[in-house]
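The lines below spell out each chain.
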Amino acid sequence: MHIDRNSTEKYKPEYDVLVRRFAETFAQTSPGKEAMGAAISVFEPGETIREHVNKPEVEEVFLVLDGDVDFYLDGRRERITTGDMGLAHIGQAHAFTNAGTTTARLLSIWWRAVREPAPVA
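Basis of the calculations
Residues numbered from 1 in each chain as written. Predicted model: local features only at pLDDT ≥ 70, side-chain atom pairs only at ≥ 80, totals over all residues. Heavy atoms only, no water. Pairing = 2+ DSSP bridges. Helix = DSSP H or I, 4+ residues; strand = E, 2+ residues; numbered from the N terminus. Axes fitted to C-alpha atoms, helices over the stretch in contact; angles between N-to-C directions. Core = buried A, V, L, I, M, F, W, Y, C linked by side-chain atoms within 4.5 Å. Buried < 20%, exposed > 50% of the residue type's maximum accessible area, 1.4 Å probe, protein only. Contact = heavy atoms within 4.5 Å. Salt bridge = Lys/Arg side-chain N within 4 Å of Asp/Glu carboxyl O.

The sheet built from six strands is open, its strands ordered E1-E2-E3-E10-E5-E8 with antiparallel pairing. Every other strand in the sheet has two partners, leaving strand E1 (12–14) and strand E8 (85–88) as the edge strands with one partner each. Put simply, the sheet's adjacent strands are angled 30 degrees from each other on average, direction ignored. Note: strand E5 (residues 58–66) against E8, four bridges, orientation antiparallel. Within the sheet, the bridge partner assigned to Val61 lies in E8 and is Leu87.

Structure below.
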């Protein structure tokens, strides 16, 4: 059994906010999996997870655990809130701003995706 308990010491500055990565937990999983990871980002009202593009072949989903967040994807903005999920496909620039009045928490899960070959005509 592997339990990774939450503590403030596990959050480190990254992307201009505090981030807790789960690499140690993923290291405990089956070696047959594709490359993947997860993290929780914590950011205060007005703080922004700066815009970035993931490594090549990486897709990522984002689940708002707490708060109201402006999700920016390739220059478009959409408000997402507790329980909402967003997706950044390969190569899409994305950022987040805490648009609420309380601390926001965002769970990110990413994996190496393989672009499907074009269908044969």
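Our next topic: the sheet that holds strand E7 (residues 76–81). For sheets, the rule is that strands pair by backbone hydrogen bonds, running either parallel or antiparallel. Across the sheet, which stays open at both edges, the four strands sit in the order E4-E9-E6-E7 with antiparallel pairing between neighbours. The sheet is open, and its two edges are formed by strand E4 (48–52) and E7, each paired on a single side. Across the sheet, the mean angle separating the axes of adjacent strands is 20 degrees when strand polarity is ignored. Here E4 pairs with strand E9 (residues 94–98) via three bridges, running antiparallel. By the bridge assignment for E9, Ile49 is matched with Phe96.

Another point: the nonpolar core. Phe43, Ile49, Phe62, Val69, Phe71, Phe96 and Leu106 are the most contacted members of the largest nonpolar core, which totals 17 residues. Elements with a minimum of two residues in this core: strand E2 (17–21), strand E3 (36–43), E5, strand E6 (68–73) and strand E10 (104–112). Look past the residues within four positions of Leu106 in its chain and what remains in contact with it is Ala39, Ile40, Ser41, Phe43, Ile49, Phe62, Leu63, Val64 and Phe96. Residues Tyr11, Phe26, Ala38 and Ile40 belong to the second largest nonpolar core, which totals six residues.

Our next topic: the side chain of Ser108. One can find Ser108 in strand E10. Owing to a relative accessible area of 7%, Ser108 belongs among the buried residues under this scheme. If we skip the residues at most four places from it in the chain, Ser108 touches Gly37, Ala38, Ala39, Glu60, Val61 and Phe62.

Attention now goes to the environment of Tyr72. One can find Tyr72 in strand E6. In this structure, the C-alpha to C-alpha distance between Tyr72 and Gln92, residues 20 residues apart in sequence, is 10.0 Å. Residues contacting Tyr72, with those up to four places away along its chain left out, are Arg77, Ala93, His94, Ala95, Phe96 and Thr97.

In this model, Glu57 sits at a positive phi of 70 degrees, which is unusual for a non-glycine residue. In this fold, Glu57 is placed in the loop between E4 and E5.

The next subject is the pairing of E5. Consecutive residues of a regular strand have side chains that alternate between opposite faces of the sheet. Bridge count between E5 and E10: eight bridges; the pairing is antiparallel. By the bridge assignment, Val58 is partnered in E10 with Arg112.

Applying the stated criterion across every chain yields a total of seven salt bridges. Among the ionic pairs, Arg105 bridges to Asp66, the shortest N-O distance being 2.5 Å. Residue Arg105 is found in strand E10, and its partner Asp66 is found in strand E5; the two are separated by 39 residues along the sequence. For Arg105, a relative accessible area of 29% gives the class partly exposed. Owing to a relative accessible area of 30%, Asp66 belongs among the partly exposed residues under this scheme. When the shortest N-O distance is used, the salt bridge between Arg79 and Asp70 registers 2.5 Å. The buried category is assigned to Asp70, whose relative accessible area is 8%. Linked by salt bridges that have partners in common, Asp4, Lys10 and Arg20 make up one network.

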